[in-house]
Amino acid sequence: AEAWGVTVDLQLTDSLPQGHADPELLCQVVLNLALNAVHATGTPPAVGFEEYVESARPHRRGSGEEEGRLTFRTGVTRRVQSAAGRLLARDMVEIVVEDNGKGIPEEDLANIFIPFFTTKRKGTGLGLAISQRMVENMGGSIELKSTLGEGTTFRVLLPLWDAATRSLPDMGSAQAMRELVKGKR
């Protein structure tokens, strides 16, 4: 991120309950979301990175003149879902990846998770589609909010483990998230 002129801000909860997640897959999801945010917010560091620049858009895509920013937040949130005619409240671990880039055009929002849809010159269009599938396979979802001129927020939601379910290694700790962001996992 630094090479692209993007500042990383970590707003991580020190202790989170165990979420239903495969740490390796979750790592891949967060890395993909972070790379997309950096590519959408920062300035390519040198010649040879043109394939990461969205077609027909300027190299510097941050909102206004402010520096590119990528923020990671973790926490627990409650979602209300309808099932069999009943409303159910469920606590979810959330991982938020947010940037202050130009945002995603409205006409692209409906396609963003569709395989092979891309706005990058040499992109495959598989990163977000695969990330969404991995999160859904872990019982979670990815929410997307984007405002032109302000930026984009991806929210990964994963269900908490039930007490009767065995737990996986703790990916919910702030230290684990810091290691992931710094590339140590």
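Here the structure is shown first, and the text comes after it.
Residues numbered from 1 in each chain as written. Predicted model: local features only at pLDDT ≥ 70, side-chain atom pairs only at ≥ 80, totals over all residues. Heavy atoms only, no water.

1. Some points on the overall build of the protein chain
For clarity, the cut-off: Counting from the N terminus, the helices are DSSP H or I runs at least four residues long and the strands are E runs at least two residues long. Here's how the labels work: a residue is buried when its accessible area is under 20% of the maximum for its type, exposed when over 50%, partly exposed in between, all with a 1.4 Å probe on protein chains only. Computed by Shrake-Rupley with a 1.4 Å probe, the accessible areas treat only the displayed protein chains as cover when residues are assessed.
A count of helices and strands for the protein chain gives four helices and five strands. If you list the helices and strands of the protein chain from N to C, you get β-α-β-β-α-α-β-β-α. Taken over 185 residues, the protein chain has a buried fraction of 41%. Surface exposure of the protein chain reaches about 10,200 Å², of which carbon and sulfur atoms provide 50%.

2. Some points on the side chain of T41
How we decide: In protein, a polar contact requires one atom able to donate a hydrogen and another able to accept it; more generally it is a pair of N or O atoms within 3.5 Å, and residues adjacent in sequence count only if both atoms are side-chain atoms.
Assignment of secondary structure puts T41 in helix α1 (residues 23–41). We classify T41 as buried; its relative accessible area is 1%. Of the polar contacts made by the side chain of T41, one reaches the backbone oxygen of A37; its length is 2.8 Å.

3. What about the packing of α1 against helix α3 (residues 127–137)?
Cut-off, in case you're wondering: Fitted lines through C-alpha atoms serve as axes, helices being fitted only where they are in contact, and the angles separating the N-to-C directions of these axes extend from 0 to 180 degrees. Left-handed describes a crossing whose near helix is turned anticlockwise from the far helix by less than a right angle; the clockwise case is right-handed. The contact definition used throughout considers only heavy atoms, calling two residues in contact when any of these lie within 4.5 Å. All amino acids are sorted into three groups, where Ala, Val, Leu, Ile, Met, Phe, Trp, Tyr, Cys and Pro are nonpolar, Asp, Glu, Lys and Arg are charged, and the leftover types, Gly among them, are polar.
Packing of α1 against α3 brings their axes to within 10 Å, and their N-to-C directions diverge by 145°. For α1 against α3, the interelement crossing comes out left-handed. In contact with L25, Q28, V29, N32, L33 and N36 of α1, α3 contributes G127, L128, S131, M134 and V135. The residue makeup of the contact of α1 with α3, split by class, is six nonpolar, five polar and no charged.

4. Remarks on the pattern of salt bridges
Test applied: Put simply, a salt bridge is a Lys or Arg side-chain nitrogen that is within 4 Å of an Asp or Glu carboxyl oxygen.
Going through the model one piece at a time under the given rule, you end up with five salt bridges. Among the ionic pairs, E94 bridges to R155, the shortest N-O distance being 2.9 Å. Pair noted here: E94 is in strand β3 (residues 86–99) and R155 is in strand β5 (residues 151–159), with a separation of 61 residues, a long-range link. In this structure E94 comes out as buried when scored by relative accessible area, which is 13%. Accessibility expressed as a relative area gives 22% for R155, which makes it partly exposed. Overlapping salt bridges, with partners in common, bring together R79, E94, E143 and R155 in one network.

5. Focus: the pairing of β3
Applied cut-off: DSSP calls a pair of strands paired once it identifies at least 2 bridges connecting them.
Sheet topology places strand β2 (residues 68–83) next to β3; 14 bridges connect them, and they run antiparallel. Along β3, the bridge assignment pairs T71 with E98. The hairpin turn running from β2 into β3, its antiparallel successor, is two residues long, and A84 in that turn takes a positive phi close to 55°.

6. Brief notes about the nonpolar core
As a rule of thumb, soluble globular proteins bury nonpolar side chains together. Let me state the cut-off plainly: For this analysis, a nonpolar core means a set of buried residues of the types Ala, Val, Leu, Ile, Met, Phe, Trp, Tyr and Cys, connected via side-chain atoms within 4.5 Å.
Grouped together as the largest cluster of nonpolar side chains are 26 residues, with contacts concentrated most on L26, L33, L70, F72, V135, V156 and L158. For this core, the secondary structure elements donating two or more residues are α1, β2, β3, α3 and β5. When residues of this core are assigned to their parent elements, the largest contribution, seven residues, is made by α1. The contacts of L158, once residues within four sequence positions are left out, are H20, A21, L26, M92, V93, V135, M138 and G140.

7. A short note on α1
How we decide: A helix is expected to span 1.5 Å for every residue after the first.
The terminal C-alpha atoms of α1 lie 27 Å apart, and with 19 residues this matches the ideal 27 Å at 1.5 Å per residue to within 8%. Of all the 19 residues making up α1, 14 are buried; the element is thus mostly covered by neighbouring parts of the structure. Its side-chain oxygen 2.9 Å from the backbone nitrogen of E24, D22 forms the N-cap of α1.

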